[in-house]
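One-letter residues, chain by chain:
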Amino acid sequence: MKRYLIKDGHVIDPSNDVDGIIDIVVANGKIEKIQKGLNDKVDEIIDAKNKIVAPGLIDMHVHLREPGREDEETVLTGTRSAIRGGFTSVLCMPNTEPALDNPKTIKALNGVINRNGVSNVLIAGAITKGRAGKKLTALKEMKREGIVAISDDGSSIDEKDVMFEALKAAKKESLLLVAHCEDAKISRDGVINYGFISTKMGLRGMPREAEYTRAKRDLELTKKASSKIHIAHVSCKESVDLIRKAKKEGIAVTCETAPHYFALTEDCCATYDTNTKMNPPLRAKEDVEAIKRALSDGTIDAIATDHAPHTDSEKDVEFDFAPFGIIGLETALSLAVMELVETKILSWPELILKMSANPSRLLKLGRGSLKKGSVADIVIIDPDKEYI
């Protein structure tokens, strides 16, 4: 295999407290050397001057749509988008058709990943059969096929007893439980954040209570089960406050947000552009500010995209009838730099921590690091490049 020298780059590796101009030699897919002033004989020198060199980004919330909706996305197209956006590893969610709720389907998807994936693809298995919230899946058997987490993403488990058993089962199998917090009795048929904008537009609103009351319940169940929980796509101020309080109380909770929740507000929906329709919905300005504060103070552990592609024809309908979701793999890093780093909410090391090292730690991947001997998942970032 070829040996590479990444020369004169600004290396940022927060998991190893590295932040400076350092050279890296890569051989056989591993980091062979990392130190200043390397001039080893190699097959290729990569000039990284004025660039940031960091561990490959890890997106712990992606919808690759395969199996079942290959018209929207595939493992091949999704992982190509991931690499384009700087993500070397992604965790795919189980709300496919059929759901990733049994060992056979997981095994089949792994075959597709091995053939077509151009980034690392990890799998989250469903918590319940058919993601129906009623009966737990065979976690042990699915773990044997390689799942690293479980989720019913897109749906919340309504029955308390089922969620409690799921938390205990996840603890037993050492799997991260990723919770979609939404009380459907409250959100009902809403399509946009409930408030002045939804009223003005004449659209059914989704109250923030749907998110934070379910988050509160799941945090209480996590404490009762003495287990861990990871709350997906946090979008509102009250959820942030609950998670911050729970962490102070010693509850083992981690969470993520997505770029659209710190970059956009519900005002963007005023044009009836269905690309602004997502679940949870875009919230108010005060929620965006709360998300930014929570990123800054460490309440929010990770930035994930919730990359959710649809076809043009699906989105090109009235707002009420369009599916929820927005793509994010190719824009997440740029948005985070623009909205968080350039505004001094996060430093570069803090951003890399939330987009690489922390997701790796939460999923127990052993990646997100540039130390000697590590897998050479590396992203080289031009911080000055502008594009549309």
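Source: prediction; values computed, not measured.

A. Structural context of a nonpolar patch on the surface. Together, Leu 76, Ile 83 and Val 118 make up a nonpolar patch on the protein surface, roughly 230 Å² of accessible area in all. Inspection of the secondary structure assignment puts Leu 76 in helix α1 (residues 75–84). On the basis of relative accessibility, which here comes to 36%, the residue Leu 76 falls in the partly exposed class.

B. Spatial organisation of the nonpolar core. By size, the foremost hydrophobic cluster in this structure holds 68 residues, and its most contacted members are Leu 177, Ile 231, Trp 348, Leu 351 and Met 355. Broken down by element, this core gets its largest block of residues, seven residues, from helix α4 (residues 160–172). Counting 16 residues, the second largest nonpolar core, distinct from the first, contains Ala 124, Ala 149, Ala 302 and Ala 304.

C. Spatial organisation of the state of the cysteines. Overall, the coordinates contain zero disulfides when judged by the stated rule. For Cys 181, which is in no disulfide, the shortest distance to another cysteine sulfur is to Cys 236 and amounts to 9.9 Å. Cysteine Cys 268 shares no disulfide, and the gap to the nearest cysteine sulfur, in Cys 269, comes to 6.7 Å.

D. Unusual backbone geometry, seen in detail. Glu 97 connects to Pro 98 through a cis peptide bond whose omega is 5°. Checked against the element boundaries, Pro 98 lands in the loop between β7 (87–92) and α2 (103–116). Here the amide bond leading from Asn 279 into Pro 280 is cis, since omega sits at 0°, within 30 degrees of zero. For Pro 280, the location among the structural elements is in the loop between α9 (259–263) and α10 (285–297). Although it is not a glycine, Ser 226 adopts a positive phi angle of roughly 50°. By secondary structure assignment, the location of Ser 226 is in the loop between α7 (209–225) and β13 (228–231). Here the phi dihedral of His 233 falls at roughly 30°; this positive angle occurs in a residue that is not glycine. Along the polypeptide, His 233 turns up in the loop between β13 and α8 (237–248).

Rules behind the numbers
- Residues numbered from 1 in each chain as written.
- Predicted model: local features only at pLDDT ≥ 70, side-chain atom pairs only at ≥ 80, totals over all residues.
- Heavy atoms only, no water.
- Patch = residues over 30% accessible without salt bridge, like charges linked within 9 Å, V, L, I, M, F, W, Y side chains within 5 Å.
- Areas by Shrake-Rupley, 256 points an atom, 1.4 Å probe, with all protein chains shown as cover.
- Salt bridge = Lys/Arg side-chain N within 4 Å of Asp/Glu carboxyl O.
- Helix = DSSP H or I, 4+ residues; strand = E, 2+ residues; numbered from the N terminus.
- Buried < 20%, exposed > 50% of the residue type's maximum accessible area, 1.4 Å probe, protein only.
- Core = buried A, V, L, I, M, F, W, Y, C linked by side-chain atoms within 4.5 Å.
- Disulfide = S-S within 2.5 Å.

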